[in-house]
Amino acid sequence: MARSTNDHQLRIEELEKLAAEVLSLKKQHRQRRPIVIEFCGSPKAGKTSCINSLNIFLKRNGFKTTILSERAGFSPISDKYNPVFNVWTCTSAINEINQKMDQAQHGEEIDVIISDRGIFDALCWFKWLKSQHHMNQREYTVLTKFATLYRWQKTLI
């Protein structure tokens, strides 16, 4: 058991060294644009627990972080099989990411934005909705193109 604890500690130390290197490179190159990390997956899969652990780890290692709330729980659209539900969650995530990016560009210190479901998650749901015949090919194509607009990619890259 002592060996297992020691291995665990060595892995944490290795991750902390990598985190310090990433933060140093970010500051060295004066990159004002935050790194965006999105967690997606099915309900109760452990996304929020992972996000909280990652947030604590990053803060402990000197990163300025912000967590975007999972928008599906706040959607005014109740029917999750209605594509409009995922359009709402996707556009809400895009809006929230753009707001944080703007704040970072105007002086707020944000190194990492952590998103609890967002654009990628919406893309997965669009694909599933199409496969279950809740969305036709034209809707799928239009919504996928919107969610992957170069404008959003430019903001995130």
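Conventions adopted
- Residues numbered from 1 in each chain as written.
- Predicted model: local features only at pLDDT ≥ 70, side-chain atom pairs only at ≥ 80, totals over all residues.
- Heavy atoms only, no water.
- Helix = DSSP H or I, 4+ residues; strand = E, 2+ residues; numbered from the N terminus.
- Expected span 1.5 Å × (residues − 1).
- Polar contact = N/O pair within 3.5 Å; in protein donor to acceptor, adjacent residues only side chain to side chain.
- Pairing = 2+ DSSP bridges.
- Axes fitted to C-alpha atoms, helices over the stretch in contact; angles between N-to-C directions.
- Contact = heavy atoms within 4.5 Å.
- 1 Å grid on protein atoms, 1.4 Å probe; cavity = no way out; pocket = protein on both sides within 12 Å on 5 of 7 lines; lining within 4 Å.
- Points joined across faces, edges and corners; volume = space filled by probe spheres on them.
- Nonpolar A, V, L, I, M, F, W, Y, C, P; charged D, E, K, R; others polar.

(A) Spatial organisation of helix 3 (residues 83–105). The terminal C-alpha atoms of helix 3 lie 33 Å apart, and with 23 residues this matches the ideal 33 Å at 1.5 Å per residue to within 8%. With a side-chain oxygen positioned 2.9 Å from the backbone nitrogen of Val 84, the residue opening helix 3 is Asn 82. Directly after helix 3, the chain includes Gly 107, whose backbone phi takes a positive value near 105°.

(B) Up close: the sheet that holds strand 3 (residues 112–116). Pairing in this open sheet of 3 strands is parallel, and the strands run 1-3-2 from one edge to the other. If you trace the sheet from one side to the other, it starts and ends with strand 1 (35–39) and strand 2 (65–68), each paired once. Neighbour to neighbour, the strand axes of the sheet diverge by 20° on average, direction disregarded. Bridge count between strand 2 and strand 3: 4 bridges; the pairing is parallel. Each residue of the ladder has a partner; that of Ile 67, found in strand 3, is Ile 114. Where helix 3 meets the sheet, its contacts fall on strand 1, strand 2 and strand 3, and the angle it forms with strand 2 comes to roughly 160°.

(C) Spotlight on empty space enclosed by the protein. Here the structure, examined in full by the defined rule, presents 2 cavities of 30 Å³ or more. The calculated volume of the largest cavity comes to roughly 60 Å³. Contributing to the lining of the largest cavity are Glu 70, Arg 71, Ala 72, Thr 89, Ala 93, Arg 117, Gly 118, Asp 121 and Ala 122. At the level of elements, helix 3 and helix 4 (119–131) are the ones that each hand at least two residues to the lining of the largest cavity. Grouping the constituent residues of the lining of the largest cavity by class yields 3 nonpolar, 2 polar and 4 charged.

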